[in-house]
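Structural overview
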Amino acid sequence: MPNYMEQRRLARWIDRAASNLDRVETPERGWISTMRRALGMSAEFVARRKGVSRNAVYQAERSEQDGAVSLKQMEQLAAAMGGKFVYAIVPDGRVEDMKYRHARDKATALLAHEDAVSSWSVEERADWIDDKIAELLHDMPSDFWEIPE
């Protein structure tokens, strides 16, 4: 598991990548077909460059639409068309925001397991949750992403 500073560096890198990719939409007919057609390349030409049959190119285009194309196929077809295949997993929002929201949810769930919680004031509960969030984010325990029942 990366240390705190490494996590921050990786989070910034992921956030920057996500901000560049959040406007990218997948073409209706998929990337393979759209790129090939935009370049004016026939499936036969792409197939020759890749060393496969024309039907293999069409099958890859169908597989992409079905979500069944392999990353290796995408990479090879992109190269055959003079492009590059880019693969990414991007978060739904900033990484630090995701971690904070999860820490808040976990802290709220943990509060229910505190013995004397019923006698605490609203402010005491809010302070406890705030402190627990800070602790969770600082320590990042191995069970951080698990929410207790």
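Structure: above.
A brief look at the structure comes next. (Residues numbered from 1 in each chain as written. Predicted model: local features only at pLDDT ≥ 70, side-chain atom pairs only at ≥ 80, totals over all residues. Heavy atoms only, no water.)

**Here we look at the packing of aromatic side chains**
Basically, it comes down to this: Each pair of aromatic rings taken from Phe, Tyr and Trp, with Trp reduced to its six-membered ring, is defined by centres within 6.5 Å and is described as stacked if the planes are under 30 degrees apart, edge-to-face if over 60, and tilted in the remaining cases. The buried label applies to any residue whose accessible area, calculated with a 1.4 Å probe on protein chains only, is under 20% of its type's maximum; exposed applies above 50%, and partly exposed to all values in between.
This model, assessed by the stated rule, comprises three aromatic pairs. Ring centres of Phe144 and Trp145 lie 4.9 Å apart, and the angle between their planes is 85°; this geometry places the pair in the edge-to-face category. Residue Phe144 is classed as buried on the basis of its relative accessible area of 1%.

**Notes on the nonpolar core**
Short version of the rule: Take the buried residues of types Ala, Val, Leu, Ile, Met, Phe, Trp, Tyr and Cys, join any two whose side-chain atoms come within 4.5 Å, and each joined set is a nonpolar core. For helices the rule is a DSSP run of H or I covering at least 4 residues; for strands it is a run of E covering at least 2, with both sets numbered from the N terminus onward.
By size, the foremost hydrophobic cluster in this structure holds twelve residues: Ile32, Met41, Ala43, Val46, Ala47, Val57, Ala60, Val69, Met74, Leu77, Ala80 and Met81. Secondary structure elements with two or more residues in this core: helix H3 (43-50), helix H4 (54-66) and helix H5 (71-80). By size, the runner-up hydrophobic cluster in this structure holds nine residues, among which are Ala103, Trp128, Ile133 and Leu136.

**Overview of a nonpolar patch on the surface**
Quick reminder of the rule: The patches described consist of residues with a relative accessible area above 30% and no salt bridge, like charges being joined within 9 Å and nonpolar side chains (Val, Leu, Ile, Met, Phe, Trp, Tyr) within 5 Å. Here, Shrake-Rupley sampling with a 1.4 Å probe gives the accessible areas, and only protein chains in the shown set may cover a residue. Here, a salt bridge means any side-chain nitrogen of Lys or Arg that lies within 4 Å of a carboxyl oxygen of Asp or Glu.
A cluster of nonpolar residues, Leu21, Val24, Trp31 and Val90, forms a patch on the protein surface that exposes about 320 Å² of accessible area. Relative to the helices and strands, Trp31 resides in helix H2 (residues 31-39).

**Here we look at the environment of Glu114**
We count it as follows: The contact criterion used throughout is that any non-hydrogen atoms of two residues lie within 4.5 Å.
Its location among the elements puts Glu114 in the loop between helix H6 (95-111) and helix H7 (122-139). Remark: the alpha-carbon pair of Glu114 and Gly82, spanning 32 residues in sequence, is separated by 60 Å. Those residues in contact with Glu114, other than ones at most four positions away along the chain, are Trp120 and Trp128.

**A short note on unusual backbone geometry**
At Met140, a residue that is not glycine, the phi angle is positive and equals roughly 40°. In this structure, Met140 sits in the segment after H7.

**Points about the environment of Arg62**
We apply this condition: A 3.5 Å cut-off defines polar contacts: any pair of N or O atoms within that distance qualifies, except that in protein one atom must be a possible hydrogen donor and the other a possible acceptor, and neighbouring residues in sequence count only when both atoms are side-chain atoms.
Tracing the backbone shows Arg62 in helix H4. For Arg62, the side chain forms a polar contact with the side chain of Gln59, separated by 3.0 Å.

**A closer look at the packing of H2 against H4**
Going by this rule: To get an axis, a line is fitted to the C-alpha atoms, and for a helix only the part in contact is used. The angle between two axes follows their N-to-C directions and goes from 0 to 180 degrees. Orientation categories follow fixed angle ranges, with anything under 35 degrees roughly parallel, anything over 145 roughly antiparallel, 65 to 115 roughly perpendicular, and all other angles oblique.
Here H2 crosses H4 at 130°, and the two axes come no closer than 8 Å. In terms of their interaxial angle, H2 and H4 are classed as oblique. Contacts from Trp31, Ile32, Ser33 and Arg36 in H2 reach Val57, Tyr58, Ala60, Glu61 and Glu64 in H4.

**Side note on H6**
Using the following cut-off: A helix is expected to span 1.5 Å multiplied by its residue count minus one.
With 17 residues, H6 extends 24 Å from end C-alpha to end C-alpha; this agrees with the ideal 24 Å at 1.5 Å per step. Considered for burial, the residues of H6 that qualify are Val95, Lys99, His102, Ala103, Lys106, Ala107, Ala109 and Leu111. Looking at the buried residues of H6, the elements they touch are helix H1 (4-21) and H7.

**Focus on the side chain of Glu61**
Tracing the backbone through its elements, the reader meets Glu61 in helix H4. On the basis of relative accessible area, Glu61 is assigned to the buried category, the value being 8%. Apart from residues no more than four positions distant in its own chain, Glu61 is found in contact with Ile32, Ser33 and Arg36.

**Structural notes on the environment of Ile32**
Tracing the sequence through the fold places Ile32 in helix H2. A sequence separation of 29 residues divides Ile32 from Glu61, and the C-alpha atoms of the two residues are 5.9 Å apart.

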